[in-house]
Amino acid sequence: FTVVSYKRHPILEEDAAIDLLWQCFQRTRAIYPFTMGAIAILPDHLHTIWTLPDNDPDFSIRWKRIKTTFSRLYQGCTAGNISESMRRKKEKGIWQRRFWEHVIRDQTDFNRHCDYIHYNPVKHGLVNSPLEWKHSSFRKFVEKGLYPQDWGQSPVKGLLGMDLE
């Protein structure tokens, strides 16, 4: 999944906002379970891979709950200038209405998406190496031996050994 803030406003640049997002994930998972395979949280968007229970594939209800809970509790600045349609729907201008989803087809597809997710903070110029970005699952992947610590430094090779640049 890719979830983006409204007008790409950097709502997730403060640790307090990221902590709140984690709380929203935990609250939602308590009611609508899912496991998180990978994640990177950037100031204005996030990428994550989830596995849902076989008997409950409704990811939309999960995202609705996460985004609604976050919006209700978030104390930071919003992007402002919300539309009349957003006012009618009681939206606060924190999240874009939609999200992007992709169904992972196989291990190769999973590996490629993990590479994309973990390299994203480098791609956006936030750090020089995925290891430097604390708001991602990269370090856990390193601990499990799935990536070397220096992965993501030029030249970039993905989990499949393919060049990413």
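Here's what I pulled together on the structure shown here. Along each chain, residue indices are assigned from 1 in the same order as the chain's sequence is written. Note on the predicted model: pLDDT of at least 70 is required for a residue's local features to be given, and 80 or more for side-chain atom pairs to be given and counted; whole-chain, interface and lining totals, by contrast, use all residues. To get the side-chain values, take all heavy atoms of the structure and skip hydrogens and water.

Regarding the nonpolar core
Rule in force here: In plain words, nonpolar cores are sets of buried Ala, Val, Leu, Ile, Met, Phe, Trp, Tyr and Cys residues tied together by side-chain atoms within 4.5 Å. Per-residue accessibility, obtained with a 1.4 Å probe over protein chains only, is compared with the maximum for each type, and a residue is labelled buried under 20%, exposed over 50%, and partly exposed between these values. Secondary structure elements follow DSSP: runs of H or I of four or more residues count as helices, runs of E of two or more count as strands, with numbering from the N terminus. In this description, contact between two residues means that some pair of their heavy atoms is separated by no more than 4.5 Å.
If you look at the biggest cluster of nonpolar residues, it comprises 22 residues, and the most contacted ones within it are Leu12, Leu21, Trp63, Phe70 and Trp95. Of all the secondary structure elements, the ones that give two or more residues to this core are α1 (15-31), β2 (35-41), β3 (45-51), α2 (59-73) and β4 (95-100). For this core, the element with the most residues is α1, which contributes 6 residues. Setting aside residues no more than four positions away along its own chain, Trp95 makes contact with Val3, Val4, Ser5, Tyr6, Ile11, Leu12, Leu21, Leu46, Lys67, Phe70 and Ser71. Residues Val122, Val127, Phe138 and Val142 belong to the second largest nonpolar core, which totals 15 residues.

Remarks on the sheet that holds β4
The line we're drawing: Note: two strands are recorded as paired if DSSP finds a minimum of 2 bridges between them. Fitted lines through C-alpha atoms give the axes, limited to the stretch in contact for helices. The angle between two N-to-C directions lies from 0 to 180 degrees.
Strand order across the open sheet formed by 4 strands is β2-β3-β1-β4, with antiparallel pairing between neighbours. Only two strands of the sheet have a single neighbouring strand rather than two, namely β2 and β4. Taken over all neighbouring pairs, the strand axes of this sheet differ in orientation by 20° on average, direction set aside. Strand direction decides the pairing type here: β2 and β3, joined by 6 bridges, are antiparallel. Within the sheet, the bridge partner assigned to Ala40 lies in β3 and is His47. Across the sheet, α2 touches β1 (2-5), β3 and β4, and the angle it forms with β4 is around 155°. Lying on the sheet, helix α4 (residues 107-123) is in contact with β2 and β3; it crosses β3 at an angle near 150°.

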